[in-house]
Amino acid sequence: MARDRHRAAKSRVQRAAVAVAALFLLLGVLGFVPGITTGYGDLAFAGHGSGAKLLGLFQVSVLHNALHLGFGLAGLLLARSVAGARLFLAGGGALYLGLWLYGLAVGFLAEHGPANFIPLNNADNWLHLVLGFGMLALGMLLSNQVGTGGRLDTPIDRP
């Protein structure tokens, strides 16, 4: 019974973090599925030379898929607390905005150079922009106590 009560007590930010984490896990798995990933035979471990594209649009590699899986697992672990969920969403959103800027720089400077090790293409860059702003908004705007005048959260380093 306590377990059911614990599940029912999940905040909106925790549920959003679980949903985003599950999306990343799904993308990581789908990146290894032939047919959903076109050019699967050209899937490289890393680098711009990977010819595989998730849904025929987003360039992926083994490293890229592994990063999605790791990010999804981290999100599930962090979503166990409100502060962790907020950190995953807001921090991950900021990270993805940085990745968008990195992808733009790589695209302008050396798309086929060693700096493009993840790999990233134009579709990835714009997806990272949308993910970054979306995750940042979810992490900063969702709260259990919106409008109550109470604290939005307890710091992650305190119980």
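Residues numbered from 1 in each chain as written. Predicted model: local features only at pLDDT ≥ 70, side-chain atom pairs only at ≥ 80, totals over all residues. Heavy atoms only, no water.

Q: How do you make sense of the layout of surface pockets when you look at a structure like this?
A: A water-sized probe rolled over the atoms picks out the places where empty space is left. Of the pockets and cavities examined, the largest pocket occupies roughly 200 Å³. The wall of the largest pocket is formed by H64, L67, H68, F71, L95, Y96, L99, I118, L120 and H128. When residues of the lining of the largest pocket are traced back to their parent elements, those giving at least two are α3 (62-78) and α4 (82-109). Tallying contributions element by element places α3 first for the lining of the largest pocket, with 4 residues. Across the lining of the largest pocket, the residue classes break down as 7 nonpolar, 3 polar and no charged. (1 Å grid on protein atoms, 1.4 Å probe; cavity = no way out; pocket = protein on both sides within 12 Å on 5 of 7 lines; lining within 4 Å. Points joined across faces, edges and corners; volume = space filled by probe spheres on them. Helix = DSSP H or I, 4+ residues; strand = E, 2+ residues; numbered from the N terminus. Nonpolar A, V, L, I, M, F, W, Y, C, P; charged D, E, K, R; others polar.)

Q: Where do I start with helix α2 (residues 12-30) in this structure?
A: Turn by turn, an α-helix covers 3.6 residues, leaving residues three or four places apart pointing in a common direction. Here α2 is 19 residues long and its end C-alpha atoms lie 27 Å apart, about the 27 Å a rise of 1.5 Å per residue gives. Considered for burial, the residues of α2 that qualify are V13, Q14, A16, A17, V20, A21, F24, L25, L27 and G28. (Expected span 1.5 Å × (residues − 1). Buried < 20%, exposed > 50% of the residue type's maximum accessible area, 1.4 Å probe, protein only.)

Q: Is there a simple way to explain empty space enclosed by the protein in this structure?
A: One pass over the full model with this rule turns up 1 cavity of 30 Å³ or more. What the largest cavity holds in volume is close to 90 Å³. In terms of lining, the largest cavity is formed by F24, L27, L54, F58, V60, H64, H68, Y96, D124, L127, H128 and L131. Elements with a minimum of two residues in the lining of the largest cavity: α2, α3 and α5 (122-141). When residues of the lining of the largest cavity are assigned to their parent elements, the largest contribution, 4 residues, is made by α5. Considering only residue class, the lining of the largest cavity consists of 8 nonpolar, 3 polar and 1 charged.

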